[in-house]
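Structural overview for review
Below, each chain spelled out in residue letters.
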Amino acid sequence: MTEQAERAKVLHAHIKTIVDNEKDNADDRAMLTILFYAGILAETLFEYEEPDIIIEQTFYRIADLLNVEPEEISTEQLDELMPRMDIVDYYTEKGRSLSLKAAEQLNDSLDDVHEIIIGLIISDLPIFGEDKNVNMGTSRCLRILMEAVIVTAIFEMASQEFCDILVEDFIGDGWPVDMALATLSSLVMIYGIESLQEQDNSIKDADELQNIVMQVIANEAKRHSIDDAANWASVSPVNDQEDTSHYKEMSVELRQPIEDFFKTVGFENKVGQAVAVGKAVGRMVAVSASEDAGYMPGPIGQMIVMRGIQSVISEIKGKSNASV
C-alpha cells in the first residue's frame, strides 16, 4: 500500500470515528463528513496565490470524476439545507486542522492531502447518495460540499480582511485598540440580532445568540494561541458601568467596509456574517495578546470583547423596557 493510500485510510477512519460518536443518524453523519471534507479541501487550496481559480478548477474536476453536476439550489434552499453557519465553521475548521496534521506526515505536504481528499470525496459522496437513510443524492451532496468550501474560504478571507481594516484604517487612524476591538465585537452581535429580526428560527433568543457568538470568538482565539478561551462565557465586561453609547456611532463607521466585503463576495447570510466578524474578533484578541504585539493580556482582551457585546445587549434591553 502506498503512503498516500495508507494515509487516506487512516484519515477516513479517523473522521468516521468522530462523526459516528457525534451523530446517531445517517443523514447527520453524511452532513458532518461533508463538512470535514470541505475544510480539508479548502485548506489545501489556500496555499495557492489565486485560490478562487483553483477552487473552481477543483470543483469541475470532482464533478467530472463523479460524473454528476451539482444540484441547482436557490440561496434560500441552501440556507435551509445547510447547518447553521457557526456549525459549518466549527466542523470545517476541524477539517482544516486535520489537513495540516496529515500534511506533516506526507512527502508533498498539502499537495498529497489534496489528492487524498478528492479520492475520499469521490468515494463517499456516491455512497451517501445511494443510502436511503440519507436525504441527499450525490448531486446535492456535491453542491453542499462546494458551498461549504466557499463559506470556509469566505470566513478565512473575512477574518484576515477585517483584522487588516481594523488595524490599518481605524487603529492606524487614531482609534484606541480597546475601543476598536470593542466596536468590532459589537458588530458581531448586531449582525446576529439582525438574523433574529429576520426570524431565523435556528436561534431562540439574544441569550442563545450571545453564547453562540462567544463560542465562535473563543474557538478562533484558541486556534491562534489563547489557551484559556473556553472560559470566556464567565468573563465580565471591563468597566461594566462605563457609558458604551458611543460604540453605536463607531460601529456604523466600522460596518461600512465590512458591508462592502460581504457585498463583493455575495455573502448575505446574517448568522454567517456574525460568524465571519466573530472570527476576526477572536483573531484580534490572540494577536493583541501575542508577545510581538503586546497590546494587552488575553483576559483583558476577553473583557473588552464582552463590553462590546454587552453594549448591544444593553441597548436591546433598554428598548424593550421602554416599549413596556
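Everything below is about the structure shown above.
Report on the accompanying structure.

Cut-offs applied
Residues numbered from 1 in each chain as written. Predicted model: local features only at pLDDT ≥ 70, side-chain atom pairs only at ≥ 80, totals over all residues. Heavy atoms only, no water. Helix = DSSP H or I, 4+ residues; strand = E, 2+ residues; numbered from the N terminus. Buried < 20%, exposed > 50% of the residue type's maximum accessible area, 1.4 Å probe, protein only. Areas by Shrake-Rupley, 256 points an atom, 1.4 Å probe, with all protein chains shown as cover. Patch = residues over 30% accessible without salt bridge, like charges linked within 9 Å, V, L, I, M, F, W, Y side chains within 5 Å. Salt bridge = Lys/Arg side-chain N within 4 Å of Asp/Glu carboxyl O. Lys, Arg positive; Asp, Glu negative; His and termini not counted. Charge placed at Lys NZ, Arg CZ, Asp CG, Glu CD. 1 Å grid on protein atoms, 1.4 Å probe; cavity = no way out; pocket = protein on both sides within 12 Å on 5 of 7 lines; lining within 4 Å. Points joined across faces, edges and corners; volume = space filled by probe spheres on them. Nonpolar A, V, L, I, M, F, W, Y, C, P; charged D, E, K, R; others polar.

A word on the overall build of the protein chain
Scanning the protein chain from terminus to terminus reveals 12 helices and zero strands. Element order for the protein chain, N to C, with α for helix and β for strand: α-α-α-α-α-α-α-α-α-α-α-α. Counting all 324 residues of the protein chain, 50% fall into the buried class. Surface summary for the protein chain: the accessible area is close to 15,800 Å², and the carbon and sulfur share equals 46%.

Some thoughts on a negative patch on the surface
A grouping of Glu 161, Asp 164, Glu 168, Asp 169, Asp 173, Glu 249 and Glu 253 is seen on the molecular surface, where their side chains present a negatively charged patch. Considering each element in turn, the negative patch owes the most residues, four residues, to helix H7 (residues 138–171). Examined against the element boundaries, Asp 173 turns out to sit in the loop between H7 and helix H8 (177–197).

Quick notes on empty space enclosed by the protein
A full pass over the atoms with the stated rule returns one cavity of 30 Å³ or more. Taken as a whole, the largest cavity spans an internal volume of roughly 30 Å³. Around the largest cavity sit Ile 203, Leu 209, Ile 212, Val 213, Val 271, Ala 274 and Val 275, which together line it. Those elements that place two or more of their residues in the lining of the largest cavity are helix H9 (206–223) and helix H11 (270–289). Its residues placed into classes, the lining of the largest cavity shows seven nonpolar, no polar and no charged.

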